[in-house]
Each structure stands twice: as C-alpha cells, then as structure tokens.
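# A structural walkthrough
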Amino acid sequence: MTNPPEPVVRALAPTAVTKAFGRRGFLAGLGGAVALPLLAACGSSSSSTANAAPSGGGSTQLESTLSIYTWGAYDDPKTFTNYTAALGPAVTIDSYSSNQEMIAKLVAAKGTSGYDIVVPTGPYIPEMISNKLLMTLDHSKLPNLTNVDPQFLAKDWDPQNQYSVCKDWGTTGFVYDTTKITRSLTSWADFLDAAQNEAAGQTAVLDVPEDLVGMYFWANGIDWNTTSQTDLDAAQSFLTSKIAKNIKAFDSYPGSGGAMPKGTYTLMQAWNGDARQGLQAAKNPSQYKWVLPTPATELWMDNWSITANAPHPNAAHAFINYVLDTKNSLREVEFMGYNSGIKNIEPLAVAAKTEYLDMIFYTPAQVATMKTGVINEATQTKVNIMNTVKAAAAA
Amino acid sequence: MSRPETGVLPAPEGPTTTAPPATAPSGGTRRRRAPKFILAAPAGLWFALFFIAPVALVAWYSLGFKPGLFGFHDNSILSLDRYREVIDGPFLETFKNTLFIAVTGTVLCLVIALPFTYFLAVKAGPRSRNILLALVMVPFWTNFLVRTLGWRLILAPDGNLSGLLQQLHLTGGPLDVLDTRLAVQIGVVYNYLPLMILPLWVALDRLDPALREASKDLGANRLRTMLQVTLPLAMPGIATGALLVFVPLMGDYITASVLGGAKGNMVGLLVASQFQEASNWALGSAAAMLLIVAILASTAIAAAVALVIRWLLRRRRVVTLVPARPFQSAPAGRAVPPVSSPAGHERRTRVIGRILDVGLRVWAVAVYVFLYAPIAYIVVYSFNRGRLFASWDGFGLNGYQDALSLPQVRSAVIVSLQAGVGTAVVATVLGTCAGIALARRSGRWSTPFTVLLALVLVTPEIMLAISELPWFVSLGTDHNLSVFNNGLVRLVIAHSLFATAVVTFIVRARMSGLDESLEEAAADLYAPPSRRFYQVTLPLMMPAIIAGAMLSFTFSLDDTILSTFVSVQGNTPWPVYIFSSVRSGLRPFIASMSTIMLLLTLVVLGTTALVLRRGGGSGSDVAQTMTGTG
C-alpha cells in the first residue's frame, strides 16, 4: 500500500511537465470554466480582482470598500462604522495571531490576497519592504502624520516612514487568577514556576514563537535576540520538558477572546491591551492580576502599512489618516488599551478617565526594562521550537 | 488501491456488474456511439486540472527546501531531506496523537452507531424509521464549526452540565473537560457520527429480515444470529463507515483546535502551520505526503486485519454449525422431554428480548439527546444579550440585530450560499455525466477513473487545501488567468472536487440499479436520444441527482479548511469568518445567524420533501434522497 503515491512523485517531478500540463489542461478545461465567471458575476464585488486595480496614481477618488488584515480585537468597531459614515468606504476586517501568519498569507497569495491595510510589527517591516509586500505611503494623503509623537516616528525599520506609521505600541506580560495563586508573582521566573505548580495544566501562552521562547530568555537574564545555539537549545529543552505539559492553550487573545473573563486559565501570558480587555469583561475583575514582569520583557510596536497590490489604496490612506486624528485615536486607545503614540494622548486619556491607565501607559523606568525583538537567523529556530513545544503539549 | 474503492460508497462491486451493452451480440450497430468515456471526460479533465496537477505540485515542492525567511520554496536542489526532517521533528509524536484520536473516534462512532442504526433499520416501524433517519441528519445542517462551538458551551466549567454534575456530587469541582483530549474525543465522535450511521443504515436496511428469521429457525440464539448473520452482512457498511470517519478525521484539525486547546494539536494543524505560519512549503508538503502515505498504510492494515478476522470467523462457522444442528433438533422431536426446559427457555428469551428492545430504545434516545444537545445550546445562546458568545448575560435580541445588520456577516453568508450553489451545479453536472458513463459505458477507462475518484475521496482536506492554494496563485499570477484570482471561482473549484466524486458514486449506484431495458423500450418506440434522455433516463436518475446536489451544497456550506486556504479577502465565506473569530473573540451574533440559517434550511428541506413526495416518491425514497443514501 505504500507503493502507489511514489510513482506520482517521480512521474510528475519536472516542472516542464507540470507547466505544459497546466497550459494544455487549461485549454481543455476552459469549457468547464466558462460556467464559473457566470457564477462569479452573481457575486457582489467579486468582479474587481486585485490584479486589475492600479495603484493610486493621481486619482484621489475614494474606493467603495476597504479591507484590513489586522490583529484580533485591535480597533474599536465604532472606528470603522464612523469612518464609513464620514468618508464612505465600507470596511471588512480579518484577523491574524502572528506576523508569520500575516506574511505567509500575503506571500502565498502573490499580491492576490485582496487586503489593503496590514499591521506588521516593526522588525518585520524591512524584510516586507525588500520582498515588495508594501506600498510606498503618499504622505500628502496623510496630513495627520503631524499628530504623531516624533519619538514613534523614524524608527530603525523604516527611517523615513515611507512604508509604515505607528499604530500603537505595547508590551508582553501575564495575568493570574489570585483565587488560585495566592502568592505574589512579579517576574518571568515566577511565571515559569507557577506554571509548573499552582497553574499546572491551566496555563495559556501566546501563539507567537518569539514570545513563547522569549519567556525563558527574559526569566534567565539572556538577551532574547540571542542567536546562540546553546541558548536556543536550552530554551527548547526547558520549554518542552517542563512547560509544555502544563500548557492548556496557545491563545494570543485570552482577554478579548473571552477565555480569561470566563475563568478558563489560571495563568496566562498576554499583551497589556488584551489583558485589559479581559479585565473589563470579567464579572469580578479583582480576581485577576496583571503583571509587567521583571527583569526584562518585550516592547513591540505595530504599524499601519498598505500592501503593494492594495485594491483600494485611496481608501486605505484615508483610513490611516482618519485614525491618526487625535480624537479618533483617543477612542481607539480607550477600546484596545494600547498607547497609540499620538502627541499628548496620555493626558487626554487621563482627562477622559480611561480605565486601567497603568496598563496602557508606562513610566520611563518600566520602559527601560523592555526590549524590541529583531529578525535574525534564530527566528526560524523559534518557529521550530514552537512546533516541538506544541507537539509535546498535546502528548 | 482497490480496497478503498470498494469500501468508499455503497456501490456495486466492479465495473463489470452491469453487462456492457456494446458487446451484446444482438441488434448489430443500431446505435452509433461516441467513445465510451466521453461523458466522463469533463469530470476527468476537471480532476486532472484541479486535483492531479496541484497534488503533483505539492509532491514536487516536497523535494525542495526553504530558501530564507521570506522565501517559501526553492526546488533548485532536489533531495529527500525534508522527509527526513519531518520524521525527525515533532511530526511523529503528533501523528501518534492524531492516530490515537482517529482510531478511538472511529471505534466509538461504530460502537455508538451500531446499536442505534440497528434499532432504526430493524426495530423501528416502517413509517417512523424514515423520519427517525431524517432526524439524525438535521443537526448536521448547522455549520460544522458552530456545532463544535456548541460543545464548548455544554462542557464549560461554569455551564449547566458542570453545575448539575456538581449538585449530584459526580465531580469534585467544576467540570474540567474543555481543552483536554476528552473534549477532542467527544467533538470528533459528534461531528463524524452521521458518516458512520448512514452507510450502516444502508447496509442494515437492505438486509432481508428473512435471513435473521431463518437463523432463528435453525436454532441460533440472538447473539449467534447477531454475530453470524447480521454483522457479516453489515460488514460492507461498517467498512465504508469506518473509512468515511477515519480518513477525514486524520486530516481534520478544526474540531480539535476548537475544543482541545493545546491538547488538540493534530497532524493536519502541523501541515497547515507550515503553510500558514512557518512559510516552509517544502517541509509542509513533505509532511502532507507522509500523512497521505500513513493514512493509506493504516487503512490497508485495518483492511488486512478485517480480512483476517473474516477468514477466521468463516473457518469457525463451518466447524461449529455442523455439530450444533443435531443437538438443537433433539428437543424438537420431544421424544425425551427435558424437564420444563422449553417453556422456561421461551419465557427467558422473551424477557431478554424485551430488555434488549428497551435497551435499544433507551440507547436511541440517548443518541438523539447527544445529537441535539449542542444545537439546543446554540439556539439558546443566540438570545444572549452579552458581548461574548460563551458568557450568558441575560436574554436579548442584540445577536439577531447584529446578525442581520452587520455587513460582514451578511456578506460572509451570501458568499457561502453562492459558493454552495456553484459547487452544487458544477458537481452535479460533472458527477451526473461521469456516473452515467460509469454505469452505462464502462470499459477499460473505468478502473483508473474509479481509482481517481476514490483517491479524491480519501485525500484529506488539508492536502487538497495546500495543493489548491499554490496552484490557483500560479494560474492566476504566473499565467495571468485572472479568473483564478476570483475568490468565488476558487471556492467553487476547490469544493467541487470532493463533491463531484460523491455525486458520481451516487449516480452510478442509482443507474446500476436501473433496468436499461426501459431506455431501450423508449428507443424501440422511436423516441430520439434527446427525448429518451429527458423523458426516461433523467426522471429515473432524479433522486440521485437531487441527493448529490444537496450533499454538494452542504459540503460546500460547511467547509472550513479548504476555504481558509483558498478564499480571497472580500469573498470570505461564513465558516472562515467564524473560524477566524474563534481565535480573536466570538460574539453572540454567530449563534443567532446560525439559528436563522438552521431555520431556513429546515424550510428548504421541508419544501423539497413535499415536492419529492408530490412527484410520486414514497416516504422511504424521499428520506433516502434527502439523506443521500438512495
């Protein structure tokens, strides 16, 4: 029984064969395919394909729709409805849980994904630019760029903000259920310890390779951008043998996704804004405690970018400009719980009596413990570690 | 490869069962005929273009490597290293898990379905049994994902079931089943149970009651009749059911990831993540190829074991039946009456029989409760006033308001319905032609064609998904055939593959059962071929065509894995929308929309049943048509 697939492998190996087959097959199959465009014609907006649309050019006419591919629960739904009411384009949203997922989708589709706006984390931007995944931003369509605090502009990954504008920044910490863990947890070492004790089998971690592996490095005082194979091996063996079996779920959105307010986990790694949304949804918020762990943790910055083949570039620019408006930005901050990097957003949020301010805004001393990740040769290794840990967690 | 072919669907054995009329000596060359395979040619081309070619592409990718962080695949150096990498990596461990879940799931499905279906096919009255069968299918007209989410509501630690069990002191604390292996097991049994029930029903329904009577008359007790008559005759159904459950289960990762959390890491997810996250097409392709090989190997092993068991049983039967007969016939003569044995024995068997009947009935009720529980929860939670899907916050109609007003929800449902109709049309046309060709024009081409169909059926969805995406992209961008950039076109093509194979088998089964003399009679009455087709053949085939179209439509409406891969933004179908919300926060309107869709489906089903009945079908025919078992 193991025989049959093998000839398939060998017989169809040369590309020339598959290509020729494809072309010939296409002509032959054309008859059948004729029915499809007819079907497609019934579709609402399906006739406008990504390839057909030229990039903005001189036209400033807003398109009728806009599609955004972003992180989960990352914007106030009112932002979209208000934008549509004010400017016209109807917004559709898709969400992802990691940069890898977003990039995989864009690259695999070779420009046919149909997304206009994506929200990559800073370090991924240079590679995305060099792989021609992003469109150059037209600053003349972004007058509100002047609202952005200069310390969040001109970052290493895009010194002239040609391709990206800060959406917000945040950090990675954890939340625990104080009815089940009665001692005080303050560091990543505490997290790893509690995961093996009070929260054994009831721990959730982010579904992101860098953050999973990061915990170990942060807890052990190792630079989390290390490329040392010894360090990476140590991380893998610790996470696989000690932590994996205690992981209940790989969940990037324990707060906004609803697991935390429902009491699903005892201990969960989380981004500050997501943890805040979880506290807001919990019936008894005092049961949960948010920790910005010592001695070190992550600082990430996510950015608005437009895809290279965006079918609706004008609507995309208009949207980015819309959210850079100070008033709109404040509403976003209040909803998602991340600092948007707009000038004076902190005093405005304080004045607006925004909940859990300490989870959104951090002191310079706290920020000094946070470090931005980089993309390097360890990135692929971290993906592999993640897969190994996932396999071990399921065993 | 001939094993799955005979087991896949209840179809007559080989292509030679219907005598090919072309070789009939009489009549000379009265009818001029096109090449025999001509009717199957469109389906064949469709499979060549959208099944063989893309799968070959994946096989090709598996020999390459990942060139860099943003490079997806490179085939400039060919090697088998990826296969070694897969075997050395976490694949084996995950595969072991998956195999365990799949085998346990298949066995559980069989254990649950066998008494249940036996009750339905043998014990239930002729009138009620069709309704009872239709009742099995109704829950499966709600979305696959939504049903699975219903289990999250049932099993929640703060849910009603958990409360009840705690009150009864059956559990120490809140129910801790979610995000465990047990939850995965419950979910897969639930989702795949009908795939076991249907083929079993077909097999048991065809079983002549006279055979069991005969067994009893020959002195065999219940157990023996069950083991030596009923079960062997149900064997084809069991084999088909096991295959229909096992194969998709091996590739499914949706059920497991919704219910199992970290414990739900299936091998399908591992393959998917190589494409969706790690962007390592070579490794993902190699893993997918190994998955297929492993599925075929496990199926072959299971088939071999089944054959050995059957052989052993047959051998035993021959030996044991012979001495049994004279022993049983002795008391029948009543020459030497054993003390009070016949009356007592009879009463005892009657009591046992009554107990068994009650037991079967209870079992059937339990199965129905199991089938409907998650649906009931979904319907109740569709009235959740709260912001989160799973947290009950009081009664309210916000969910329905959102479901009907949110443009994304509406567009997702519309896309799904369009894809469903498109799939049904394409699959029905291609499958019907191919089915007719297989039943009426079989020839040397039939065997390879049937093998191809069987391959389509046993290919796990994840394999199809990872093959279609690069194929569509390459047709659309590298070859500038922009029609393949259209999301709806992609969905219809991807969904139509499996659906076409199913329709073909259903139509073939129907046609093989029909007497060709009817068509010949029409010809003798000078009906031209077109008229013959429209007035004789087509009406005869109608139940099979309707069943095929409905199955194709449901399959497309339910499909999540394929759609996740091939769909294009702007054409996001409903299941993909739900699945992406699973991770980033579900809202009550998902339950509301599903309830609306369930109601609409019931209305459509009811209407179809009425139309079919008006059209002269008996109740049994209608039920069989609706459930696709005709």
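My aim in this report is to walk through the structure given alongside it, one point at a time.

## A word on the overall build of chain B
- Helix and strand counts for chain B stand at 25 helices and zero strands.
- Taken across its 630 residues, chain B has 54% of its residues classed as buried.
- Summarising the internal contacts of chain B: among those between residues at least 6 apart in sequence, 78% fall at separations of at least 24.
- Surface exposure of chain B reaches about 27000 Å², of which carbon and sulfur atoms provide 67%.

## A few points about the overall build of chain A
- In terms of regular secondary structure, chain A is built from 16 helices and 10 strands.
- Taking all 395 residues of chain A together, 58% fall into the buried category.
- A separation threshold of at least 6 residues defines the contact pool for chain A, and within that pool the share at least 24 residues apart is 76%.
- Surface exposure of chain A reaches about 14900 Å², of which carbon and sulfur atoms provide 56%.

## Details of the pattern of salt bridges
Residues and elements named next belong to chain B.
- One pass over the structure, following the stated rule, counts 18 salt bridges over all chains.
- Between D558 and R147 there is a salt bridge, and its shortest N-O distance comes to 3.6 Å. With D558 in helix α21 (residues 529-558) and R147 in helix α6 (residues 144-155), the pair connects residues that are 411 residues apart, well separated along the chain.
- For D558, a relative accessible area of 18% translates into the label buried.
- The shortest N-O distance in the salt bridge between R152 and D179 comes to 3.4 Å. In this pair, R152 sits in helix α6 while D179 sits in the loop between α7 (160-167) and α8 (181-205), placing the two residues 27 residues apart along the sequence.
- Assessed through its relative accessible area of 5%, D179 is described here as buried.

## Topic: the interface of chain A and chain B
- On the chain B side, the residues contacting the 81 residues of chain A number 84 residues.
- Applying the counting criterion to the chain A and chain B interface returns three salt bridges.
- Salt-bridge contacts for D478 of chain B lead to K110 of chain A; the nearest nitrogen and oxygen are separated by 3.3 Å.
- Inspection of the chain A/chain B interface yields nine residue pairs in polar contact (both at pLDDT 80 or more).
- Broken down by secondary-structure element, the contributors of at least two residues to the side of chain A that touches chain B are α1 (5-11), α2 (15-33), α3 (35-42), β2 (90-96), α5 (99-109), α6 (125-130), β6 (247-250) and α16 (378-394) of chain A.

## As for helix α20 (residues 517-524) of chain B
All names here are of chain B.
- Taken residue by residue, α20 has E519, A522 and A523 as its buried positions. Down the axis, α20 shows its buried residues gathered within 100° of arc, on one side only.
- Contacts made by the buried residues of α20 are with α16 (407-440) and α21.
- Two residues or fewer after α20 comes Y526, characterised by a positive phi angle close to 65°.

## Side note on a nonpolar patch on the surface
Residues and elements named next belong to chain B.
- A surface patch of nonpolar side chains, about 330 Å² in accessible area, is lined by V103, V107, V111 and W363.
- Per element, the largest residue contribution to the nonpolar patch is three residues, and it comes from helix α4 (residues 91-123).
- With respect to the helices and strands, V107 occurs in helix α4.
- In this structure V107 comes out as partly exposed when scored by relative accessible area, which is 47%.

## With respect to the packing of α16 of chain B against helix α23 (residues 574-584) of chain B
Residues and elements named next belong to chain B.
- Two numbers describe how α16 lies on α23: the axes approach to 7 Å, and their chain directions differ by 135°. Taken together, α16 and α23 sit at an angle that is classed as oblique. Here α16 contributes Q408, V409, A412, V413 and S416 to the contact with α23, which in turn contributes W574, P575 and Y577.
- Here the residues of the contact of α16 with α23 sort into six nonpolar, two polar and no charged.

## Details of the side chain of S298 of chain B
All names here are of chain B.
- If you trace the backbone, S298 turns up in helix α13 (residues 281-333).
- For S298, a relative accessible area of 18% translates into the label buried.
- Reaching out from S298, the side chain makes a polar contact with the backbone oxygen of A294 at a distance of 2.4 Å.
- The residues contacting S298, other than those within four sequence positions of it, are L99 and F246.

## A word on the nonpolar core
- Residues M128 of chain A together with F50, F565 and W574 of chain B are the most contacted members of the largest nonpolar core, which totals 256 residues.
- Shared between two domains, this core holds at least three residues of each, these being domain 1 (65-169 + 300-367) and domain 2 (171-299 + 370-394) of chain A.
- Those residues in contact with F50 of chain B that lie beyond four places of it in its chain are E468, W471, F472, L475, F484, I493 and L497 of chain B.
- Counting residues in hydrophobic clusters, the runner-up holds 36 residues, among them W188, Y216, F238 and V291 of chain A.

## Some details on the packing of helix α2 (residues 41-61) of chain B against helix α18 (residues 461-478) of chain B
Residues and elements named next belong to chain B.
- Axis separation between α2 and α18 bottoms out at 8 Å; the angle between their running directions is 95°. As the angle between them shows, α2 and α18 are arranged roughly perpendicular. Here L49, F50, F51, A53, P54, V55, L57, V58 and Y61 of α2 come into contact with α18, specifically with M463, L464, I466, S467, E468, P470, W471, F472 and L475.
- Here the residues of the contact of α2 with α18 are counted per class, giving 16 nonpolar, one polar and one charged.

Calculation rules
- Residues numbered from 1 in each chain as written.
- Chains lettered and ligands numbered in written order.
- Predicted model: local features only at pLDDT ≥ 70, side-chain atom pairs only at ≥ 80, totals over all residues.
- Heavy atoms only, no water.
- Helix = DSSP H or I, 4+ residues; strand = E, 2+ residues; numbered from the N terminus.
- Buried < 20%, exposed > 50% of the residue type's maximum accessible area, 1.4 Å probe, protein only.
- Contact = heavy atoms within 4.5 Å.
- Areas by Shrake-Rupley, 256 points an atom, 1.4 Å probe, with all protein chains shown as cover.
- Salt bridge = Lys/Arg side-chain N within 4 Å of Asp/Glu carboxyl O.
- Polar contact = N/O pair within 3.5 Å; in protein donor to acceptor, adjacent residues only side chain to side chain.
- Arc of directions from axis to C-beta.
- Patch = residues over 30% accessible without salt bridge, like charges linked within 9 Å, V, L, I, M, F, W, Y side chains within 5 Å.
- Axes fitted to C-alpha atoms, helices over the stretch in contact; angles between N-to-C directions.
- Parallel < 35°, antiparallel > 145°, perpendicular 65-115°, else oblique.
- Nonpolar A, V, L, I, M, F, W, Y, C, P; charged D, E, K, R; others polar.
- Core = buried A, V, L, I, M, F, W, Y, C linked by side-chain atoms within 4.5 Å.
- Domains from an automatic or database assignment.

That is the geometry; function is a separate question.
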